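Read off the chains here:
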Amino acid sequence: MATCVVVVPNPKIVQFPSSYSLPPTQNHKSSKAKAYLRKPILARNSNGQEPSSASSGSGAVALKEKKNNGNAAFPGKPEADVVVIGSGIAGLCCGGLLARYQQDVLVVESNDIPGGAAHSFDIKGYKFDSGPSLFSGFQSRGPQANPLAQVLDALGERIPCASYDSWMVYVPEGEFLSRIGPTEFFKDLEKHASPNAVREWQQLLDAVLPLSAAAMALPPLSIRGDWGVLSTAAARYTPSLLKSFIEMGPQGALGATKLLRPFSEIVDSLGLKDPFIRNWVDLLAFLLAGVKSNGILSAEMIYMFAEWYKPGCSLEYPLHGSAAIVEALVRGMQKFGGRLSLGSHVEEVVVENGRATGVKLRSGRFIRAKKAVVSNASMWDTLKLLPRDVVPKSYVDSVNTTPQCESFMHLHLGFDAEGISKDLGIHHIVVNDWDRGVDADQNVVLISVPSVLSPDLAPPGKHVLHAYLPGTEPYELWKGLDRRSAEYKNLKSERSEVMWRAVERAVGPGFSREKCEVKLVGSPLTHERFLRRNRGTYGPAIQAGKASFPGHATPIPQLYCCGDSTFPGIGVPAVAASGAIVANSLVSVSQHSQLLDAIGI
């Protein structure tokens, strides 16, 4: 459920750029550059466990542990300007940009593989994505590019991708190959919906696509969390924003005022009533952010429409899997001297004289943060790290009363490709019942077969598959179960059946459960345990128009948060933007502006 479609930061909306060249002062031959590009150090372990290696083809990151008399040696001094808790995409984006800003940054990760919910893992030669699988925008460049692409551009990194333009859809009305682009979807509507659906879809495109100019007028990398945003964003990009409003005319400019309102308001204002169109819009919103159209910002949906329904658009899958994204961010951070410590479980954020001054690891080691601590953990898990006597009750109450999305069920399979259709697509979406809603449990199944586009993810002649129930599995069904008990195993078997049936439908008669060489079923308890997510949740269930995602500052000075518990919200583009906003906020306006100049936005 995480497309690389774009999400908006505070005043407006944004995407991301990517043409990178080092300014003259960073020329690798200069002595200044040698001091600037501190020696990169990766993956030291604080609890004596041997880190695994995250390899996924080209550019693999080797994670090696240094030991001293049987104890793990820490990467350099146990201090940094900024300590980042967690190596999810947001944490790595934040850490990478801080390193690019010449800050001494250390990312500490509890697991022995970086990536958080986007990490990959290897079993019997099958390389599985653990989370997001539906992406676009990696190759976008310039001010209107995707937030993650803008960060990678700033770090001088590229991700090779395979492009494609369709996914299989199985809905109550039938099954069809849904193609992105401005015209192909009309053919699907003519066959599976009605002439009225065709008219309403055209009406929606006519209203939404012109708004994309305003939605993309403010590059996400220009945003920061203080008044400096008036310089780095408002003054810098106001002319292009005004130009887009003028080009849209009075009616379009009026529509742009709804960018930070629920997308359902735009749908309602157009009088769209066709059931298929309403359901399809809900499905697109759900794929993007885990909520229906009445809970997603119009800006996010408009970004998605711009990337999926304009001429020449395509979807992209990173060759070598989602690990390639993580590796690129790690490489970029290392390039500028950033450090990553794996197997370093944070037990507590240390607060002295009312300010966050570092973190204490499970091993007992204290790591001092001279400027700031940034948490990439969820808001609920961050709260657990704070001494209760220093946290205002209002903050505790706010976190504890924030509604949560439900959790996931996962099905990871490795199987022989013999007898499987040669034109099997990478993505398949199964909707069992529109009437129950796309956010109902056991209703929507997402299936990814990435070995179709990146064969190296499976042994020769094999396929790797990831099916999941995206943020709809009730945690309460699993709460308190012993993972070794028969009750737990029986519940996994029962609740995974809907995924098995969806896989059999999508892969076809050549598929056999019994012949799968790898069968892994993940539950909300798996999500909670391995990703260290409170209740295994997908993130805050915050509905646009009714509430907004929290900012990045906290009541504890020098403690900041990034990730899906903060603005702009859930999804790959959103969390990348959140990490960038925090990094920008921790440096001067001058440094921030110089970076924007360096990457051409």
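Conventions used here
- Residues numbered from 1 in each chain as written.
- Predicted model: local features only at pLDDT ≥ 70, side-chain atom pairs only at ≥ 80, totals over all residues.
- Heavy atoms only, no water.
- Helix = DSSP H or I, 4+ residues; strand = E, 2+ residues; numbered from the N terminus.
- Buried < 20%, exposed > 50% of the residue type's maximum accessible area, 1.4 Å probe, protein only.
- Contact = heavy atoms within 4.5 Å.
- Areas by Shrake-Rupley, 256 points an atom, 1.4 Å probe, with all protein chains shown as cover.
- Phe/Tyr/Trp six-rings, centres within 6.5 Å; stacked < 30°, edge-to-face > 60°.
- Pairing = 2+ DSSP bridges.
- Axes fitted to C-alpha atoms, helices over the stretch in contact; angles between N-to-C directions.
- Left-handed = near helix turned anticlockwise from the far one by under 90°.
- Nonpolar A, V, L, I, M, F, W, Y, C, P; charged D, E, K, R; others polar.
- Lys, Arg positive; Asp, Glu negative; His and termini not counted.
- Salt bridge = Lys/Arg side-chain N within 4 Å of Asp/Glu carboxyl O.
- Polar contact = N/O pair within 3.5 Å; in protein donor to acceptor, adjacent residues only side chain to side chain.
- Core = buried A, V, L, I, M, F, W, Y, C linked by side-chain atoms within 4.5 Å.
- Parallel < 35°, antiparallel > 145°, perpendicular 65-115°, else oblique.
- pLDDT = per-residue confidence, 0-100.
- Arc of directions from axis to C-beta.

As recorded in an unreviewed UniProt entry, the protein goes by FAD/NAD(P)-binding domain containing protein and comes from Trema orientale.

Caption draft 1: Region of interest: the overall build of the protein. Tallying secondary structure elements over the protein gives 17 helices and 21 strands in all. A total of 601 residues make up the protein; the buried ones form 62% of that total. Restricting to contacts in the protein with at least 6 residues of sequence separation, those with at least 24 account for 74%. For the protein, the computed accessible surface area is about 22,700 Å², with 52% contributed by carbon and sulfur atoms.

Caption draft 2: Structural detail: the packing of aromatic side chains. Counting across every chain of the model gives 16 aromatic pairs. Through a chain of ring-to-ring contacts, the aromatic side chains of F176, F185, W201, F263, F276, W280, F305 and W434 assemble into a single cluster.

Caption draft 3: Representation of the sheet that holds strand β17 (residues 427-431). Read across the sheet, seven strands follow the order β10-β9-β17-β18-β19-β16-β20 without closing on themselves; strand pairing throughout is mixed. Both edges of this open sheet fall to β10 (174-179) and β20 (518-522), since each of them pairs with a single strand only. Along the sheet, successive strands turn relative to each other by an average axial angle of 15°, direction set aside. Alignment of strand β9 (residues 166-171) against β10, held across six bridges, turns out to be antiparallel. The partner of S166 across the bridge, within β10, is R179. On top of the sheet, helix α14 (residues 486-507) reaches β9, β10, β16 (407-416), β17, β18 (444-448), β19 (462-473) and β20; it is set at about 50° to β16, its chief contact.

Caption draft 4: Highlighting helix α3 (residues 147-154). Judged by how many residues are buried, α3 sits mostly within the fold: eight of eight residues are covered. Taken together, the buried positions of α3 are P147, L148, A149, Q150, V151, L152, D153 and A154. In this structure, the buried side of α3 is in contact with α2 (89-100), α11 (323-335), α16 (572-585) and α17 (589-598). Where α3 ends, the next residue or the one after it, G156, has phi of about 70°, a positive value.

Caption draft 5: Seen up close, the packing of α2 against α3. With their axes 10 Å apart at the nearest point, α2 and α3 run at an angle of 35° to one another. Crossing hand, α2 versus α3: left-handed. The residues of α3 that touch α2, namely those facing I89, C93, L97 and R100, are L148, V151 and A154. For the contact of α2 with α3, the residue count by class is six nonpolar, no polar and one charged.

Caption draft 6: Molecular detail of the side chain of K492. Along the polypeptide, K492 turns up in helix α14. Buried and unpaired, K492 has D482 as its nearest opposite-charge partner, separated by 11 Å. A polar contact is formed between the side chain of K492 and the backbone oxygen of V521, at a distance of 3.1 Å. In contact with K492, not counting residues within four places along its chain, are M409, W478, V521 and S523.

Caption draft 7: The nonpolar core, seen in detail. Residues W201, F263, W280 and F305 are the most contacted members of the largest nonpolar core, which totals 121 residues. Per-element tally for this core: the top contributor is helix α9 (residues 275-289), with eleven residues. Those residues in contact with F305 that lie beyond four places of it in its chain are W201, L204, L205, V208, L209, F263, L284 and K310. Core analysis: the second largest hydrophobic core is formed by 30 residues, L469, V498, M499 and W500 among them.

Caption draft 8: The packing of α2 against α11, seen in detail. Relative orientation of the contacting elements α2 and α11 amounts to 25°, with a least axis distance of 8 Å. One element, α2, and the other, α11, form an angle in the roughly parallel class. Of the two possible hands of crossing, α2 and α11 adopt the one that is left-handed. Two secondary-structure elements touch here, α2 through I89, L92, C93, G95, G96 and A99 and α11 through I325, V326, L329, V330 and M333. Looking at the contact of α2 with α11 residue by residue, the class counts come to nine nonpolar, two polar and no charged.

Caption draft 9: Structural detail: the confidence of the model for the protein. Looking at the protein, the pLDDT average stands at 83 and 84% of residues meet or exceed 70. With pLDDT under 50 throughout, residues 1-72 is counted as low confidence; its partners more than four residues away or in other chains account for 266 contacts.

Caption draft 10: Representation of unusual backbone geometry within the structure. In this structure, the amide linkage connecting F567 to the following residue, P568, adopts the cis form with an omega of 10°. Position of P568 relative to the elements: it lies in the loop between β21 (559-561) and α16. The backbone of H320 sits at a positive phi, close to 80°, despite the residue not being glycine. Counting through the fold element by element, H320 comes out in the loop between β11 (315-318) and α11.

Caption draft 11: Fine view of helix α13 (residues 393-400). Listed in full, the buried residues belonging to α13 are Y395, V396 and V399. Viewed end-on, α13 has its buried residues packed into an arc of 100°, placing them on one side of the element. Along α13, the residues that are exposed and aim more than 90 degrees away from the buried face are K393 and S394. As for α13, its buried residues are in contact with α12 (379-384).

Caption draft 12: Local environment of the pattern of salt bridges. Enumeration over the complete set of coordinates arrives at 28 salt bridges. Note that R495 and E473 form a salt bridge whose closest N and O atoms lie 2.9 Å from each other. With R495 in helix α14 and E473 in strand β19, this pair connects stretches of sequence that are 22 residues apart. Salt bridges sharing common partners tie together R436, D441, E473 and R495.

Caption draft 13: Here's a closer look at the pairing of strand β8 (residues 161-164). Only one face of β8 is covered, namely the face carrying A162 and Y164; the face carrying C161 and S163 is uncovered. Sheet topology note: the β8/β11 ladder contains four bridges and is antiparallel. By the bridge assignment for β11, S163 is matched with E316.

Caption draft 14: Fine view of the pairing of strand β6 (residues 120-123). Bridge analysis of β6 against strand β7 (residues 126-129) gives four bridges, and the strand direction is antiparallel. Bridging from a neighbouring strand, I123 pairs with Y126 of β7. Hairpin connection between β6 and β7: a loop of two residues separates the two successive antiparallel strands, and K124 in this loop has a positive phi of roughly 55°.

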